[in-house]
Amino acid sequence: MLKKGASLIGFGAKYGIKHRKKYTQVHVLLKSKRKCPECGSIKFGRQAVGIWACKKCGYKIAGTAYDVSV
């Protein structure tokens, strides 16, 4: 059973619980709020696969596909 608030999004009832849980974990990680290491704003997000950028100051950094570690 999943925790309250963690919804299984994207697949509906298809593909089995294991795949839907993994998809949900990746989606939550990808969409989480991040602070820009340069200006400190919360408008830091993924621009493309492996490219993370701040919408406020324009700072760009390369990272992994779903997460960035600075």
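Reading the values: the criteria
Residues numbered from 1 in each chain as written. Predicted model: local features only at pLDDT ≥ 70, side-chain atom pairs only at ≥ 80, totals over all residues. Heavy atoms only, no water. UniProt positions renumbered as here; feature names shortened; annotations may be inferred. 1 Å grid on protein atoms, 1.4 Å probe; cavity = no way out; pocket = protein on both sides within 12 Å on 5 of 7 lines; lining within 4 Å. Points joined across faces, edges and corners; volume = space filled by probe spheres on them. Helix = DSSP H or I, 4+ residues; strand = E, 2+ residues; numbered from the N terminus. Nonpolar A, V, L, I, M, F, W, Y, C, P; charged D, E, K, R; others polar.

- In its Sequence similarities (unreviewed entry) section, the UniProt entry covering the protein chain states "Belongs to the eukaryotic ribosomal protein eL43 family."

Re the layout of surface pockets
Sizing a probe to match a water molecule and rolling it over the atoms shows the empty space that remains.
For step 1, the next point in the chain: A volume near 210 Å³ is recorded for the largest pocket.
For step 2, the next point in the chain: In this structure, the largest pocket is lined by L30, K31, S32, K33, R34, I42, K43, F44, G45, R46, W52 and K55.
For step 3, the next point in the chain: Elements supplying a minimum of two residues to the lining of the largest pocket: helix 1 (17-31) and strand 1 (44-48).
For step 4, the next point in the chain: Among the elements that line the lining of the largest pocket, the one with the most residues is strand 1, at three residues.
For step 5, the next point in the chain: Considering only residue class, the lining of the largest pocket consists of four nonpolar, two polar and six charged.

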